[in-house]
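Observations on the three-dimensional arrangement
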Amino acid sequence: MMTAGRRGPCRACMFFRDDPASLERSLPGLAALSSAHGASRSDDGTCARHDRYVAASASCASFAPLVPAAR
Amino acid sequence: MSEIAVGTPAQDAGRVPARAGAFWRKDDWWAVAIGLGLIVLAYALFAGGSSLAWLAVIPAKWTTADQLGAHFAANWPRYVAQFALWLVLASAALTALGYRLRDTVPAFAFLYLLSVAIFALGQWASAVRYNLEPPLVALVIGLLIANLNLLPRGLDAGFRVEFYIKLGVVLLGATLPFTLIVWAGPVAMFQASIVSVVTFAVIFFVARALGLDPRFAAVLGVGGAVCGVSAAIAIAAAVGARKQDAPIVISIVILWAILMIFALPFAAGWLALPAGVGGAWIGTSEFADAAGFAAAQAYGEIAAKLPGAPAGGVDQSVAAFTLMKVVGRDVWIGIWAIVLSIVAATRWEPTGIDSRASAGDIWRRFPKFVIGFLLASIFITLVAQDVGHAQFGKAATTDLVTPIKNLRTWAFAFGFLSIGLTTRLRDLAGVGGRPLLAFSSGVVVNVVLGFVLSVLVFGGYWARLGQ
């Protein structure tokens, strides 16, 4: 599952969650005075591996591609 | 670095990498498209000798229930047509954002009917005597409905605060001459920058002194200094904050923002501040756009009733707020993200995640509805030049600007009511003593500094806004 040594952006990682509805459920109150659909959020999301909020363009050594490369 | 052991996330099966910057998935662009579309439609009708006024109906001032009844009896077809227009526009946008029609249609119908009732109540001749300013009434009623669990949660799909407020801001642009933005914008940016930097510094350093993690302190700081909840989640990603930090900041921002919706207008009214000055103070001292617009509109209505108040109280207050909050504070979120991500990457304990922002973040995080606001202002200014100012002052005010202003008032009304309808206090994360103390210390400095700059330093400037 892990692809040590090959880093990709969080947006292409299986641990990345950026669905707006899920984000609003996991951040109570977000929709009351803001929105997960707002431009200022850009494409940020949460990392289930590190349990942190991360930008879609971030990267780390635990990257695991969401769509396995074709052989 | 700590990592959470997770298995294969089944719920993400089939997920494909998101297309970065998919504009139709952002409520900003929908607000821009719908807002500018309505403005162009209003102009096309005006240029053709007609007007959007028939569709942009609002409840008339009334003293007796008979007068109110007569208004609705005479104008119900206009309300039905207006409801249909809003329903189509909101449904198109919300469906594109991923919500189901079976949720958004009943939600919007409820939102519209309740907005009509609150709007009509606000037009009662005695409303101001009982402090029944529509934004405040909408907030209280919405909070009661949400917290007494009177509606199914699925209806939240139609209560999209940000979408309605951003749409209102774009429409607001068409009621502000671009020359006014150019004249007042630099002062707003200067004043807002001072308050933002000082407020951030106070919250951040108090939070650090209380032993909070620097990333958490930074998210708290921007929540108070820039644009509330939106800034908090943007900076949480930029610095790689822990997932449990953002809900705490969101809770604190909401609690303070709602308190300020009531406190700032009544404090400004007690001090008898001119509408523009009160709007500027609210713009420096509210934490979220939606809450701030509610406070600014409420204060405009209060200021209009003050002895000797000039006409246009609501317009002045909302214009000053917009310049201070939207132009002066919101647009800098990308810069804050870059600076804080660099500080996080170079000065704070590593998290194992490389999240340093790039110059592209300035555009990616830029609140795009501001572009619609500026385009609307430029458009209406060019129209005024083309028609000629004398002619514009007569016909266009009634047949072009007033209908757009009425639609703006409706969009804001939907937003104010949605704040209450989506704020469930029991859902909010526990705030904790230290984060609350750090944030509150910034609030005190923010409110005092905002008052000094808005009233004592630039008071004369904001009092003349739009006159």
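Above: the structure in question.
Quick summary incoming for the structure in this document. (Residues numbered from 1 in each chain as written. Chains lettered and ligands numbered in written order. Predicted model: local features only at pLDDT ≥ 70, side-chain atom pairs only at ≥ 80, totals over all residues. Heavy atoms only, no water.)

In terms of regular secondary structure, chain A is built from two helices and four strands. When the helices and strands of chain A are listed from N to C terminus, the series reads β-α-α-β-β-β. Out of the 71 residues belonging to chain A, those deemed buried represent 66%. In chain A, the proportion of contacts linking residues at least 24 apart, taken out of those at least 6 apart, comes to 62%. With an accessible surface of roughly 2,700 Å², chain A has 54% of that area assigned to carbon and sulfur atoms. (Helix = DSSP H or I, 4+ residues; strand = E, 2+ residues; numbered from the N terminus. Buried < 20%, exposed > 50% of the residue type's maximum accessible area, 1.4 Å probe, protein only. Contact = heavy atoms within 4.5 Å. Areas by Shrake-Rupley, 256 points an atom, 1.4 Å probe, with all protein chains shown as cover.)

Here we take up the overall build of chain B. For chain B, the helix and strand inventory stands at 18 helices and one strand. Taken over C-alpha atoms, the radius of gyration comes to 22 Å for chain B, in line with the 23 Å a tight globule of 467 residues would show. Principal-axis analysis of the C-alpha atoms gives chain B an extent of 65 × 55 × 45 Å. A total of 467 residues make up chain B; the buried ones form 57% of that total. Long-range contacts, defined as pairs at least 24 residues apart, comprise 82% of the intrachain contacts of chain B with a sequence gap of at least 6. Across chain B, the 31 positively charged side chains and the 22 negatively charged ones have centroids separated by 1 Å. (Rg over C-alpha atoms; globule rule 2.2 N^0.38 Å. Lys, Arg positive; Asp, Glu negative; His and termini not counted. Charge placed at Lys NZ, Arg CZ, Asp CG, Glu CD.)

Scanning the model with the defined rule gives four cavities of 30 Å³ or more in all. Considering the residues around the largest cavity, the lining is formed by 18 residues, among which Ser40 of chain A together with Glu162, Ser230, Asp289 and Phe369 of chain B are closest to the centre. Elements supplying a minimum of two residues to the lining of the largest cavity: helix 5 (161–173) and helix 8 (228–239) of chain B. Considering only residue class, the lining of the largest cavity consists of seven nonpolar, five polar and six charged. (1 Å grid on protein atoms, 1.4 Å probe; cavity = no way out; pocket = protein on both sides within 12 Å on 5 of 7 lines; lining within 4 Å. Points joined across faces, edges and corners; volume = space filled by probe spheres on them. Nonpolar A, V, L, I, M, F, W, Y, C, P; charged D, E, K, R; others polar.)

Before going further, it helps to spend a moment on the sheet that holds strand 1 (residues 16–17) of chain A. Residue and element names in this part refer to chain A. Strands sit in the order 1-2-3 across an open sheet of three strands; the sheet is antiparallel. The strands lining the two open edges of the sheet, one partner per strand, are strand 1 and strand 3 (52–54). Of the pairings in the sheet, the one linking strand 1 to strand 2 (residues 45–47) comprises two bridges and is antiparallel in character. Bridge assignment links Phe16 to a residue of strand 2, and that residue is Cys47. (Pairing = 2+ DSSP bridges.)

All names here are of chain B. Note that Val327 resides in helix 12 (residues 313–327). In this structure Val327 comes out as buried when scored by relative accessible area, which is 8%. Placed 47 residues apart in sequence, Val327 and Leu374 show a C-alpha to C-alpha distance of 9.8 Å. When near neighbours in sequence (up to four residues on either side) are disregarded, Val327 contacts Met189, Thr322, Trp332 and Phe373.

Residues and elements named next belong to chain B. If you trace the backbone, Gly48 turns up in the loop between helix 1 (27–47) and helix 2 (65–96). Take Gly48: its relative accessible area is 63%, and that puts it in the exposed class. Expressed as a C-alpha distance, the spacing of Gly48 and Ser441, which sit 393 residues apart in the sequence, is 56 Å.

We now examine the side chain of Lys325 of chain B. Residue and element names in this part refer to chain B. By secondary structure assignment, the location of Lys325 is in helix 12. A polar side-chain atom of Lys325 sits 3.2 Å from the main-chain carbonyl oxygen of Val226. If we skip the residues at most four places from it in the chain, Lys325 touches Val226, Cys227, Gly283, Glu286, Phe287, Ala288, Asp289 and Asp330. (Polar contact = N/O pair within 3.5 Å; in protein donor to acceptor, adjacent residues only side chain to side chain.)

This next bit is on the nonpolar core. In terms of nonpolar packing, the biggest core is built from 165 residues, with Leu33 of chain A together with Trp86, Phe108, Leu220, Phe293, Phe439 and Trp462 of chain B touching the most fellow members. Ignoring sequence-local partners within four residues, the contact set of Trp462 of chain B consists of Ala184, Val187, Ala188, Gln191, Gly276, Val277, Ala280, Gln316, Ala320, Leu323, Met324 and Ser454 of chain B. (Core = buried A, V, L, I, M, F, W, Y, C linked by side-chain atoms within 4.5 Å.)

Across the contact, 62 residues belong to chain B and 46 residues belong to chain A. Buried surface at the junction of chain B and chain A, both sides included, amounts to about 4,700 Å², of which 55% is carbon and sulfur. Linking chain B with chain A are three salt bridges, by the criterion used here. Salt-bridge contacts for Lys243 of chain B lead to Asp51 of chain A; the nearest nitrogen and oxygen are separated by 3.4 Å. Where chain B meets chain A, there are 15 residue pairs in polar contact (both at pLDDT 80 or more). Mapped by element, the contributors of at least two residues to the side of chain B that touches chain A are helix 1, helix 5, helix 8, helix 9 (245–270), helix 11 (289–304), strand 1 (353–354) and helix 16 (389–422) of chain B. Considering every element that reaches the side of chain B that touches chain A, the biggest residue donor is helix 8 of chain B, with six residues. Residue composition of the side of chain B that touches chain A, by class: 31 nonpolar, 13 polar and 18 charged. (Buried area = accessible area lost by both parts, 1.4 Å probe. Salt bridge = Lys/Arg side-chain N within 4 Å of Asp/Glu carboxyl O.)

In this section: the side chain of Arg365 of chain B. For Arg365 of chain B, the position within the fold is in the loop between helix 14 (360–364) and helix 15 (369–387). The exposure class of Arg365 of chain B is buried, given its relative accessible area of 1%. The contacts of Arg365 of chain B, once residues within four sequence positions are left out, are Ala39, Ser40, Arg41, Ser42, Asp44 and Ala55 of chain A together with Ala234, Ala237, Ala238, Ile333, Gly334 and Ala337 of chain B.

Another point: the pattern of salt bridges. Across all of its chains, the model carries 16 salt bridges over all chains by this definition. Between Arg153 of chain B and Asp427 of chain B there is a salt bridge, and its shortest N-O distance comes to 2.8 Å. One end of the pair, Arg153 of chain B, is in the loop between helix 4 (134–147) and helix 5; the other, Asp427 of chain B, is in the loop between helix 16 and helix 17 (433–457), with 274 residues separating them in the sequence. One salt-bridge network, in which partners are shared between bridges, spans Asp44 of chain A together with Asp361, Arg364 and Arg365 of chain B.

Taken together, Val444, Val448, Val452, Leu456 and Val457 of chain B make up a surface patch of nonpolar side chains, about 440 Å² in accessible area. Structurally, Val457 of chain B is set in helix 17. (Patch = residues over 30% accessible without salt bridge, like charges linked within 9 Å, V, L, I, M, F, W, Y side chains within 5 Å.)

Once that is clear, we can look at helix 8 of chain B. Since the α-helix advances by 3.6 residues per turn, residues separated by three or four positions end up pointing in the same direction. The first and last C-alpha atoms of helix 8 of chain B sit 16 Å apart over twelve residues, in line with the 16 Å expected at 1.5 Å per residue. Counting buried residues along helix 8 of chain B, twelve of its twelve residues qualify, which places the element largely inside the surrounding structure. All of the buried residues in helix 8 of chain B are Gly228, Val229, Ser230, Ala231, Ala232, Ile233, Ala234, Ile235, Ala236, Ala237, Ala238 and Val239 of chain B. Contact partners of the buried residues in helix 8 of chain B: helix 2 (30–33) and strand 3 of chain A together with helix 5, helix 7 (214–225), helix 9 and helix 13 (333–347) of chain B. Of the residues one or two after helix 8 of chain B, Gly240 of chain B is the one with positive phi, at around 75°. (Expected span 1.5 Å × (residues − 1).)

For the rest of this paragraph, the subject is the packing of helix 2 of chain B against helix 3 (residues 101–122) of chain B. Residues and elements named next belong to chain B. One way to put it is that helix 2 packs onto helix 3 with a least axis distance of 10 Å and a crossing angle of 145°. Along this stretch, helix 2 crosses helix 3, giving a crossing that reads as right-handed. For the pair helix 2 and helix 3, the contacting residues are Leu68, Phe72, Tyr79, Gln82, Phe83, Trp86, Leu87, Ala90, Ser91, Leu94 and Thr95 in the first and Leu101, Thr104, Val105, Phe108, Ala109, Tyr112, Val116 and Ala120 in the second. Of the residues that constitute the contact of helix 2 with helix 3, the class distribution is 15 nonpolar, four polar and no charged. (Axes fitted to C-alpha atoms, helices over the stretch in contact; angles between N-to-C directions. Left-handed = near helix turned anticlockwise from the far one by under 90°.)

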